[in-house]
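Below are the chains, spelled out letter by letter.
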Amino acid sequence: MKILITGATGLIGKAVIKSALNQNFKVNYLTRDKSKIKSIIDCKGFYWDIKKDYIDLKCFEGVNAIINLAGEKIFQKWTKKSKKEILLSRIKPIDLLIKGIKLSNQTGIRTFVSASAIGIYQSDFEKNYTENETENPQNFIQKTVYNWEKKSLSVRKFIPYTSVLRIGLVLSKNNGYLKETDYPMKFGFGIQLGSGNQWQSWIHIDDIANMFLFIIGLDTKGIYNAVAPKPIFQKSFLKIIRKRKLRKFIIIKLHNFILRVLFGERASILIDSQRVSSKKILESGYKFIYEEADKALNNLYKRDDNLT
Ligand SMILES: NC(=O)c1ccc[n+]([C@@H]2O[C@H](COP(=O)([O-])OP(=O)(O)OC[C@H]3O[C@@H](n4cnc5c(N)ncnc54)[C@H](OP(=O)(O)O)[C@@H]3O)[C@@H](O)[C@H]2O)c1
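Residues numbered from 1 in each chain as written. Predicted model: local features only at pLDDT ≥ 70, side-chain atom pairs only at ≥ 80, totals over all residues. Heavy atoms only, no water.

(A) Focus on the packing of aromatic side chains. Counted under the stated rule, the structure contains nine aromatic pairs. Ring centres of Y121 and Y129 lie 4.5 Å apart, and the angle between their planes is 10 degrees; this geometry places the pair in the stacked category. Pair check on accessibility: Y121 and Y129 agree, each one buried. Positioned above the aromatic ring of F249 is the side chain of R242, whose terminal nitrogen or guanidinium carbon lies 6.0 Å from the ring centre. Positioned over the ring face of F75 is R266, at 4.7 Å from the centre of the ring. (Phe/Tyr/Trp six-rings, centres within 6.5 Å; stacked < 30°, edge-to-face > 60°. Buried < 20%, exposed > 50% of the residue type's maximum accessible area, 1.4 Å probe, protein only. Lys NZ or Arg CZ within 6 Å of the ring centre and 35° of its normal.)

Here's what the structure looks like:
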(Lines give C-alpha, C1' and ligand atoms only; values in the text may rest on other atoms or scores of the structure.)
Protein backbone atom coordinates (compact mmCIF):
# COMPACT_ATOMS: atom_id res chain seq x y z
CA MET A 1 0.00 0.00 0.00
CA LYS A 2 1.41 3.40 -0.97
CA ILE A 3 0.11 6.63 0.54
CA LEU A 4 0.59 10.23 -0.53
CA ILE A 5 0.63 12.77 2.32
CA THR A 6 0.21 16.56 2.10
CA GLY A 7 1.28 18.72 5.05
CA ALA A 8 3.67 15.84 5.85
CA THR A 9 6.33 18.15 7.26
CA GLY A 10 4.03 19.36 10.07
CA LEU A 11 3.28 18.06 13.56
CA ILE A 12 0.70 15.42 12.63
CA GLY A 13 2.30 14.61 9.26
CA LYS A 14 5.62 13.58 10.81
CA ALA A 15 3.83 11.31 13.26
CA VAL A 16 1.69 9.77 10.50
CA ILE A 17 4.84 9.04 8.48
CA LYS A 18 6.56 7.40 11.46
CA SER A 19 3.54 5.21 12.07
CA ALA A 20 3.08 4.44 8.35
CA LEU A 21 6.69 3.32 7.94
CA ASN A 22 6.38 1.13 11.04
CA GLN A 23 3.35 -0.50 9.45
CA ASN A 24 5.25 -1.06 6.17
CA PHE A 25 3.35 1.48 4.08
CA LYS A 26 5.28 3.17 1.28
CA VAL A 27 5.11 6.94 1.58
CA ASN A 28 5.17 9.79 -0.95
CA TYR A 29 4.70 13.33 0.29
CA LEU A 30 4.12 16.79 -1.13
CA THR A 31 5.78 19.95 0.14
CA ARG A 32 5.89 23.60 -0.94
CA ASP A 33 9.45 23.83 0.28
CA LYS A 34 12.04 22.49 -2.17
CA SER A 35 14.60 22.13 0.65
CA LYS A 36 12.31 19.59 2.35
CA ILE A 37 11.92 17.26 -0.64
CA LYS A 38 14.70 15.01 0.59
CA SER A 39 14.26 15.75 4.27
CA ILE A 40 12.24 12.70 5.32
CA ILE A 41 14.13 9.42 5.18
CA ASP A 42 12.60 6.32 3.59
CA CYS A 43 9.97 8.47 1.84
CA LYS A 44 9.79 10.19 -1.55
CA GLY A 45 9.18 13.93 -1.48
CA PHE A 46 7.60 15.88 -4.35
CA TYR A 47 7.18 19.59 -4.95
CA TRP A 48 3.97 21.52 -5.39
CA ASP A 49 3.37 25.24 -5.67
CA ILE A 50 -0.21 25.77 -4.75
CA LYS A 51 -0.21 29.49 -5.60
CA LYS A 52 1.08 28.73 -9.11
CA ASP A 53 -1.20 25.71 -9.51
CA TYR A 54 1.79 23.39 -10.00
CA ILE A 55 1.98 19.80 -8.81
CA ASP A 56 4.58 17.16 -9.71
CA LEU A 57 2.35 14.43 -11.19
CA LYS A 58 4.93 11.75 -10.35
CA CYS A 59 3.74 11.99 -6.74
CA PHE A 60 0.65 9.93 -7.67
CA GLU A 61 2.52 6.98 -9.18
CA GLY A 62 1.38 3.71 -7.56
CA VAL A 63 -0.55 5.58 -4.85
CA ASN A 64 -3.58 3.90 -3.25
CA ALA A 65 -4.54 6.46 -0.62
CA ILE A 66 -4.11 10.18 0.09
CA ILE A 67 -3.90 11.80 3.53
CA ASN A 68 -4.48 15.55 3.37
CA LEU A 69 -3.05 17.63 6.23
CA ALA A 70 -2.06 20.83 4.41
CA GLY A 71 -3.11 24.13 5.92
CA GLU A 72 -1.79 27.39 7.29
CA LYS A 73 -1.51 27.59 11.12
CA ILE A 74 -4.79 28.80 12.60
CA PHE A 75 -3.51 30.36 15.82
CA GLN A 76 -1.76 33.31 14.18
CA LYS A 77 -2.73 36.98 14.19
CA TRP A 78 -6.09 37.27 12.43
CA THR A 79 -6.32 39.99 9.82
CA LYS A 80 -8.55 40.11 6.76
CA LYS A 81 -5.56 38.84 4.73
CA SER A 82 -4.49 36.05 7.11
CA LYS A 83 -8.08 34.83 7.53
CA LYS A 84 -8.38 34.51 3.76
CA GLU A 85 -5.06 32.62 3.66
CA ILE A 86 -6.14 30.27 6.47
CA LEU A 87 -9.23 29.31 4.46
CA LEU A 88 -7.63 29.20 0.98
CA SER A 89 -4.68 27.13 2.25
CA ARG A 90 -7.24 24.41 3.00
CA ILE A 91 -9.32 24.72 -0.17
CA LYS A 92 -6.71 25.23 -2.90
CA PRO A 93 -4.54 22.19 -2.08
CA ILE A 94 -7.61 19.97 -2.48
CA ASP A 95 -8.47 21.58 -5.85
CA LEU A 96 -4.89 21.01 -6.97
CA LEU A 97 -4.94 17.38 -5.81
CA ILE A 98 -8.16 16.78 -7.77
CA LYS A 99 -6.63 18.39 -10.85
CA GLY A 100 -3.47 16.29 -10.42
CA ILE A 101 -5.39 13.04 -9.95
CA LYS A 102 -7.34 13.68 -13.16
CA LEU A 103 -4.20 14.57 -15.15
CA SER A 104 -2.15 11.67 -13.78
CA ASN A 105 -4.66 9.06 -14.94
CA GLN A 106 -3.88 6.96 -11.86
CA THR A 107 -6.84 4.68 -11.27
CA GLY A 108 -5.56 2.96 -8.12
CA ILE A 109 -6.39 5.78 -5.69
CA ARG A 110 -9.33 4.49 -3.66
CA THR A 111 -9.07 6.44 -0.40
CA PHE A 112 -8.87 10.11 0.56
CA VAL A 113 -8.75 11.12 4.23
CA SER A 114 -8.55 14.78 5.14
CA ALA A 115 -7.94 16.56 8.39
CA SER A 116 -10.80 18.60 9.79
CA ALA A 117 -11.26 20.04 13.28
CA ILE A 118 -13.66 19.93 16.22
CA GLY A 119 -13.68 23.73 15.91
CA ILE A 120 -16.64 23.13 13.59
CA TYR A 121 -18.82 22.62 16.69
CA GLN A 122 -20.27 25.61 18.49
CA SER A 123 -19.16 26.27 22.03
CA ASP A 124 -21.36 24.42 24.51
CA PHE A 125 -20.72 23.35 28.09
CA GLU A 126 -23.38 20.60 28.16
CA LYS A 127 -23.66 18.92 24.77
CA ASN A 128 -21.76 15.78 23.81
CA TYR A 129 -21.13 16.36 20.11
CA THR A 130 -21.52 13.49 17.67
CA GLU A 131 -20.73 13.64 13.96
CA ASN A 132 -24.47 14.01 13.23
CA GLU A 133 -24.68 17.46 14.78
CA THR A 134 -26.11 19.79 12.13
CA GLU A 135 -23.52 22.37 11.29
CA ASN A 136 -24.61 25.95 11.62
CA PRO A 137 -21.35 27.86 11.33
CA GLN A 138 -21.30 31.21 13.11
CA ASN A 139 -17.76 32.41 13.79
CA PHE A 140 -14.59 32.45 11.66
CA ILE A 141 -13.30 29.06 12.82
CA GLN A 142 -16.63 27.30 12.36
CA LYS A 143 -17.09 28.79 8.89
CA THR A 144 -13.52 27.89 7.87
CA VAL A 145 -13.80 24.28 9.02
CA TYR A 146 -17.27 23.96 7.50
CA ASN A 147 -16.01 25.04 4.05
CA TRP A 148 -12.85 22.94 4.38
CA GLU A 149 -14.93 19.83 5.12
CA LYS A 150 -17.34 20.55 2.30
CA LYS A 151 -14.41 20.75 -0.11
CA SER A 152 -12.79 17.61 1.34
CA LEU A 153 -15.98 15.58 1.07
CA SER A 154 -16.50 16.74 -2.54
CA VAL A 155 -13.51 14.52 -3.43
CA ARG A 156 -15.89 11.54 -3.21
CA LYS A 157 -16.89 12.33 -6.81
CA PHE A 158 -13.41 11.11 -7.82
CA ILE A 159 -12.29 8.81 -4.98
CA PRO A 160 -14.80 6.31 -3.55
CA TYR A 161 -13.64 6.14 0.09
CA THR A 162 -13.51 9.80 1.13
CA SER A 163 -13.63 10.80 4.76
CA VAL A 164 -12.65 13.53 7.21
CA LEU A 165 -11.32 13.34 10.75
CA ARG A 166 -12.52 16.12 13.06
CA ILE A 167 -9.34 16.38 15.10
CA GLY A 168 -9.30 17.56 18.71
CA LEU A 169 -6.42 19.20 20.59
CA VAL A 170 -3.38 17.17 19.68
CA LEU A 171 -1.14 16.39 22.65
CA SER A 172 2.50 16.10 21.63
CA LYS A 173 5.86 16.83 23.16
CA ASN A 174 7.08 18.54 20.00
CA ASN A 175 4.63 21.32 19.40
CA GLY A 176 1.06 22.51 19.53
CA TYR A 177 -1.29 22.94 22.46
CA LEU A 178 0.87 21.39 25.18
CA LYS A 179 3.92 23.41 24.27
CA GLU A 180 1.86 26.62 24.63
CA THR A 181 0.43 25.43 27.95
CA ASP A 182 3.90 24.46 29.16
CA TYR A 183 5.61 27.75 28.34
CA PRO A 184 4.42 29.95 31.28
CA MET A 185 5.14 27.02 33.65
CA LYS A 186 8.85 27.59 33.06
CA PHE A 187 8.30 30.90 34.90
CA GLY A 188 6.24 29.34 37.68
CA PHE A 189 2.71 29.93 36.27
CA GLY A 190 -0.01 27.77 34.82
CA ILE A 191 -2.76 29.67 33.07
CA GLN A 192 -6.39 28.84 33.71
CA LEU A 193 -8.33 30.11 30.71
CA GLY A 194 -11.52 31.82 31.86
CA SER A 195 -13.55 29.58 34.15
CA GLY A 196 -11.38 26.59 33.21
CA ASN A 197 -14.64 24.67 32.94
CA GLN A 198 -14.54 24.46 29.16
CA TRP A 199 -14.39 20.91 27.80
CA GLN A 200 -11.19 20.13 25.99
CA SER A 201 -11.45 17.18 23.66
CA TRP A 202 -7.90 16.03 23.13
CA ILE A 203 -6.04 13.23 21.36
CA HIS A 204 -2.51 11.91 21.84
CA ILE A 205 -0.24 12.36 18.80
CA ASP A 206 0.34 8.58 18.49
CA ASP A 207 -3.42 7.98 18.35
CA ILE A 208 -4.13 10.61 15.69
CA ALA A 209 -1.30 9.18 13.57
CA ASN A 210 -2.61 5.62 13.94
CA MET A 211 -6.19 6.73 13.34
CA PHE A 212 -5.44 8.13 9.88
CA LEU A 213 -3.95 4.76 8.90
CA PHE A 214 -6.81 2.87 10.55
CA ILE A 215 -9.34 4.83 8.45
CA ILE A 216 -7.43 3.96 5.28
CA GLY A 217 -7.65 0.26 6.16
CA LEU A 218 -11.37 0.53 6.89
CA ASP A 219 -12.56 1.36 3.34
CA THR A 220 -15.01 3.85 4.78
CA LYS A 221 -16.53 7.20 3.93
CA GLY A 222 -17.94 10.09 5.95
CA ILE A 223 -17.09 12.05 9.09
CA TYR A 224 -15.32 10.81 12.22
CA ASN A 225 -14.52 12.65 15.42
CA ALA A 226 -10.84 12.12 16.20
CA VAL A 227 -10.73 12.64 19.96
CA ALA A 228 -9.95 10.40 22.91
CA PRO A 229 -12.95 8.92 24.76
CA LYS A 230 -12.49 11.07 27.87
CA PRO A 231 -12.43 14.84 27.31
CA ILE A 232 -11.60 16.89 30.41
CA PHE A 233 -11.94 20.46 31.68
CA GLN A 234 -9.10 22.88 30.92
CA LYS A 235 -8.44 23.37 34.63
CA SER A 236 -8.17 19.59 35.08
CA PHE A 237 -5.42 19.50 32.46
CA LEU A 238 -3.44 21.98 34.53
CA LYS A 239 -3.88 19.91 37.68
CA ILE A 240 -2.72 16.72 35.99
CA ILE A 241 0.33 18.47 34.55
CA ARG A 242 1.15 19.95 37.97
CA LYS A 243 1.31 16.46 39.49
CA ARG A 244 3.93 15.51 36.93
CA LYS A 245 6.17 18.55 37.22
CA LEU A 246 9.16 18.56 39.47
CA ARG A 247 9.14 22.35 39.43
CA LYS A 248 5.78 23.39 40.88
CA PHE A 249 3.73 26.30 39.53
CA ILE A 250 0.87 28.39 40.73
CA ILE A 251 -2.33 28.59 38.72
CA ILE A 252 -3.34 32.04 37.55
CA LYS A 253 -6.86 32.68 36.29
CA LEU A 254 -7.14 34.88 33.21
CA HIS A 255 -10.72 36.04 32.89
CA ASN A 256 -12.46 35.86 29.53
CA PHE A 257 -12.45 39.61 29.08
CA ILE A 258 -8.63 39.76 29.55
CA LEU A 259 -8.21 36.97 27.00
CA ARG A 260 -10.45 38.92 24.62
CA VAL A 261 -8.34 42.05 25.14
CA LEU A 262 -5.13 40.06 24.56
CA PHE A 263 -6.26 37.89 21.65
CA GLY A 264 -9.38 39.59 20.27
CA GLU A 265 -11.60 37.28 18.24
CA ARG A 266 -9.01 34.46 18.55
CA ALA A 267 -9.79 34.17 22.26
CA SER A 268 -12.69 31.91 21.22
CA ILE A 269 -10.12 29.16 20.53
CA LEU A 270 -9.02 29.35 24.18
CA ILE A 271 -12.39 29.87 25.84
CA ASP A 272 -14.79 27.75 23.79
CA SER A 273 -16.01 24.43 25.10
CA GLN A 274 -16.45 21.37 22.88
CA ARG A 275 -17.20 18.04 24.45
CA VAL A 276 -16.87 15.64 21.56
CA SER A 277 -17.85 11.99 21.36
CA SER A 278 -15.52 9.25 20.11
CA LYS A 279 -18.32 6.64 19.98
CA LYS A 280 -18.31 6.29 16.19
CA ILE A 281 -14.57 5.62 15.81
CA LEU A 282 -14.65 3.24 18.80
CA GLU A 283 -17.57 1.33 17.29
CA SER A 284 -15.62 1.10 14.03
CA GLY A 285 -13.00 -0.86 15.95
CA TYR A 286 -10.28 1.72 16.60
CA LYS A 287 -8.35 0.88 19.79
CA PHE A 288 -6.90 3.91 21.55
CA ILE A 289 -3.43 3.72 23.09
CA TYR A 290 -4.35 6.67 25.33
CA GLU A 291 -7.98 6.85 26.48
CA GLU A 292 -7.34 9.00 29.55
CA ALA A 293 -5.57 12.33 29.83
CA ASP A 294 -3.71 11.08 32.89
CA LYS A 295 -2.05 8.30 30.90
CA ALA A 296 -1.39 10.50 27.85
CA LEU A 297 0.26 13.21 29.94
CA ASN A 298 2.22 10.61 31.88
CA ASN A 299 3.69 9.44 28.61
CA LEU A 300 4.57 12.97 27.48
CA TYR A 301 5.93 14.39 30.76
CA LYS A 302 7.37 11.34 32.53
CA ARG A 303 7.66 13.30 35.80
CA ASP A 304 10.09 15.80 34.42
CA ASP A 305 10.24 19.57 34.49
CA ASN A 306 9.74 19.72 30.75
CA LEU A 307 7.98 17.77 28.06
CA THR A 308 10.22 14.81 27.35
N1 LIG B 1 -2.44 20.08 15.75
C2 LIG B 1 -3.70 20.16 16.16
O3 LIG B 1 -3.98 20.23 17.40
C4 LIG B 1 -4.84 20.14 15.16
C5 LIG B 1 -6.16 20.08 15.64
C6 LIG B 1 -7.21 20.08 14.74
C7 LIG B 1 -6.96 20.14 13.37
N8 LIG B 1 -5.66 20.20 12.92
C9 LIG B 1 -5.43 20.30 11.46
O10 LIG B 1 -4.66 19.21 10.99
C11 LIG B 1 -3.79 19.65 9.94
C12 LIG B 1 -2.35 19.27 10.32
O13 LIG B 1 -2.06 19.85 11.58
P14 LIG B 1 -0.56 20.08 12.11
O15 LIG B 1 -0.68 20.42 13.54
O16 LIG B 1 0.29 18.97 11.67
O17 LIG B 1 -0.19 21.42 11.30
P18 LIG B 1 1.27 22.05 11.02
O19 LIG B 1 2.28 21.49 11.93
O20 LIG B 1 1.07 23.52 10.98
O21 LIG B 1 1.61 21.51 9.54
C22 LIG B 1 0.80 21.85 8.43
C23 LIG B 1 1.56 21.59 7.14
O24 LIG B 1 0.76 22.16 6.08
C25 LIG B 1 1.58 22.78 5.12
N26 LIG B 1 1.16 24.20 4.98
C27 LIG B 1 1.37 25.24 5.83
N28 LIG B 1 0.88 26.37 5.32
C29 LIG B 1 0.36 26.03 4.10
C30 LIG B 1 -0.26 26.78 3.06
N31 LIG B 1 -0.43 28.11 3.15
N32 LIG B 1 -0.69 26.11 1.94
C33 LIG B 1 -0.49 24.77 1.84
N34 LIG B 1 0.12 24.02 2.76
C35 LIG B 1 0.53 24.64 3.89
C36 LIG B 1 3.04 22.73 5.62
O37 LIG B 1 3.77 21.80 4.81
P38 LIG B 1 4.89 22.27 3.73
O39 LIG B 1 5.53 23.53 4.27
O40 LIG B 1 5.86 21.12 3.69
O41 LIG B 1 4.18 22.47 2.44
C42 LIG B 1 2.93 22.25 7.07
O43 LIG B 1 3.95 21.36 7.41
C44 LIG B 1 -3.95 21.16 9.82
O45 LIG B 1 -4.76 21.46 8.71
C46 LIG B 1 -4.64 21.56 11.12
O47 LIG B 1 -5.50 22.69 10.99
C48 LIG B 1 -4.60 20.20 13.79
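(B) Fine view of the pattern of salt bridges. Using the criterion set out here, one finds 13 salt bridges in the structure. R110 is the salt-bridge partner of D219, the closest N and O atoms lying 3.0 Å from each other. Taken together, the residues D219 in the loop between α5 (205–218) and β12 (222–226) and R110 in the loop between α2 (80–104) and β6 (111–117) connect sequence positions 109 residues apart. For D219, a relative accessible area of 35% corresponds to the partly exposed category. Taking the shortest distance from any N to any O, the salt bridge between K127 and E133 comes out at 3.1 Å. Relative accessible area serves as the criterion here: at 36%, K127 is assigned to the partly exposed category. (Salt bridge = Lys/Arg side-chain N within 4 Å of Asp/Glu carboxyl O. Helix = DSSP H or I, 4+ residues; strand = E, 2+ residues; numbered from the N terminus.)

(C) Examining the nonpolar core more closely. Core analysis: the biggest nonpolar cluster contains 86 residues, and I3, I5, I66, L165, I167, I208 and F212 have the highest contact counts within it. Looking at this core, the element that brings in the most residues is α5, giving eight residues. Contact partners of I66, with chain neighbours within four places excluded, come to L4, F60, L97, I101, I109, T111, F112, V113 and I159. Grouped together as the second largest cluster of nonpolar side chains are five residues, L259, A267, L270 and I271 included. (Core = buried A, V, L, I, M, F, W, Y, C linked by side-chain atoms within 4.5 Å. Contact = heavy atoms within 4.5 Å.)

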